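Single-letter residue listing:
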Amino acid sequence: SNSSSSSLFYSFIVSYSHPFFFPASLFSFCRKTRFASMKIRVTRSVSKVLEYATPVAFLIGGILAQRSETDKWVFAKCWLDLFVWISAVNIVLSLVSGIIFWVLRKEKIQHGKRPLMDSTLALIESTKAIATIAGIGAWPWMMTVQGKETAFATSVEDASPLGIPALYVSKIVFGIFAADAWNYWKHRILHIPALFPIHRVHHQFKDPNTLAGFAIHPIEAVLTFFPLLFVCQPYIKLWWPLHAPFIIFFILLNYYLHCGVDIPFLEKVFSSVFINTSRFHNIHHAKTVTHFGEMLTLWDHMLHTDPYSDYRLRKDAQSKRQN
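Quick caveat, the model's predicted, so the values are computed rather than measured.

S.K.: Looking at this structure, how should I read unusual backbone geometry?
M.R.: It is generally the case that most residues other than glycine have a negative phi and that most peptide bonds are trans. In this model, Leu162 sits at a positive phi of 60°, which is unusual for a non-glycine residue. Within the secondary structure, Leu162 is located in the loop between helix H6 (156-159) and helix H7 (165-189). By relative accessible area, which is 77% here, Leu162 ends up exposed. The backbone phi angle of His291 is positive, close to 55°, even though this residue is not glycine. Tracing the backbone shows His291 in the loop between helix H12 (278-287) and helix H13 (298-303). Residue classification places His291 among the buried positions, given a relative accessible area of 0%.

This is how it looks when you write it as structure tokens:
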């Protein structure tokens, strides 16, 4: 018993040291220990309180953390600017992309009409999430407004390892895979019964539309967008012109994942390079317990959490033929 406990503890600590598998080890630890059966869990009422307390805490906490009265006002203004700007962009992109995807659709993935209330609810939930994101983003935005040095370098050479621009590509690739691995495991961890009331906010939309793309619980918004704080660290060295296309693509992809329709060209191109698709992610909203990938489907394929995907069906058929 002692040896098995020691083995579990050792494997947990070792896997903790690797950035890709930290959340994986946490998920495994939760499943292998009594955590999964503990009576301590986030209730719906606690989740509801956190929906409002989290954005307020980030705003008030950010203001109180400033030393001077001037900085307090600057932080509050930065929060308000981001909140208004992100909210407006989200509404415009949701509506415009929704119309475009609907025009280009082959078919609606789930049949039947969506309740009109879904769109209103999606806007309300998105507003709370955006208020939280603004509370996080206000820190690097305030530094920018005040002319302080941030992670954004003045040249690609300055941001590149050894000053070699070609090596910056490896930095971007590592960042994409590390971020997506984190989001995959974060997603799975939030499906543990003790924590699911937090993620339930997003799963109110069984048949989502583009307005539901960012309709997540504020706690989940923190877990997803906390990397914005890395911009406050000058030593990280980022070159914005090379990061911007990926960030813009991820934002637009998120609208497609929640549009609820199938566009054959995008489905074929994206799935061929393990990028998530509307049909793939719609299965997660319909089935809840599978298809956890957010930007990439790679982790679902590797860990066999994609039982309804075309990829898994082909693999299973191939395996049966070989046997």
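S.K.: Help me out: how do you make sense of the nonpolar core in this one?
M.R.: One broad rule of soluble globular proteins: the nonpolar side chains tend to lie buried together. In this structure, Phe101, Ala221, Phe225, Leu253 and Tyr256 are the most contacted members of the largest nonpolar core, which totals 18 residues. Only helix H5 (116-145), helix H9 (218-225) and helix H10 (240-257) provide two or more residues apiece to this core. If one sorts the elements of this core by residue count, H10 sits on top with four residues. The residues touching Leu253, leaving out its near neighbours within four places in the chain, are Phe270, Ile275, Asn276 and Met295.

S.K.: How should I be thinking about empty space enclosed by the protein in this particular structure?
M.R.: Over the atoms a probe the size of a water molecule is rolled, and this reveals where empty space is left. Under the counting rule described, the total for this entry stands at one cavity of 30 Å³ or more. Estimated volume of the largest cavity: approximately 210 Å³. Around the largest cavity, the lining is made up of 16 residues, and of these Gly213, Ile216, Asn254, His258 and Glu294 lie nearest the centre. Partitioned by chemical class, the residues of the lining of the largest cavity number five nonpolar, eight polar and three charged.

S.K.: It is not clear to me how the packing of H10 against helix H11 (residues 264-272) should be interpreted in this structure. Could you clarify?
M.R.: The relative placement of two packed helices is expressed as an angle between their axes plus a distance between the axes. Orientation of H10 relative to H11, taken along the N-to-C sense of each, is 125°, at an axis distance of 13 Å. As judged from the angle between their axes, H10 and H11 are oblique. The way H10 lies across H11 gives a crossing that is left-handed. Touching Phe249, Leu253 and Tyr256 of H10 are Leu266, Glu267 and Phe270, all from H11. Residue composition of the contact of H10 with H11, by class: five nonpolar, no polar and one charged.

Procedures and definitions
- Residues numbered from 1 in each chain as written.
- Predicted model: local features only at pLDDT ≥ 70, side-chain atom pairs only at ≥ 80, totals over all residues.
- Heavy atoms only, no water.
- Helix = DSSP H or I, 4+ residues; strand = E, 2+ residues; numbered from the N terminus.
- Buried < 20%, exposed > 50% of the residue type's maximum accessible area, 1.4 Å probe, protein only.
- Core = buried A, V, L, I, M, F, W, Y, C linked by side-chain atoms within 4.5 Å.
- Contact = heavy atoms within 4.5 Å.
- 1 Å grid on protein atoms, 1.4 Å probe; cavity = no way out; pocket = protein on both sides within 12 Å on 5 of 7 lines; lining within 4 Å.
- Points joined across faces, edges and corners; volume = space filled by probe spheres on them.
- Nonpolar A, V, L, I, M, F, W, Y, C, P; charged D, E, K, R; others polar.
- Axes fitted to C-alpha atoms, helices over the stretch in contact; angles between N-to-C directions.
- Parallel < 35°, antiparallel > 145°, perpendicular 65-115°, else oblique.
- Left-handed = near helix turned anticlockwise from the far one by under 90°.

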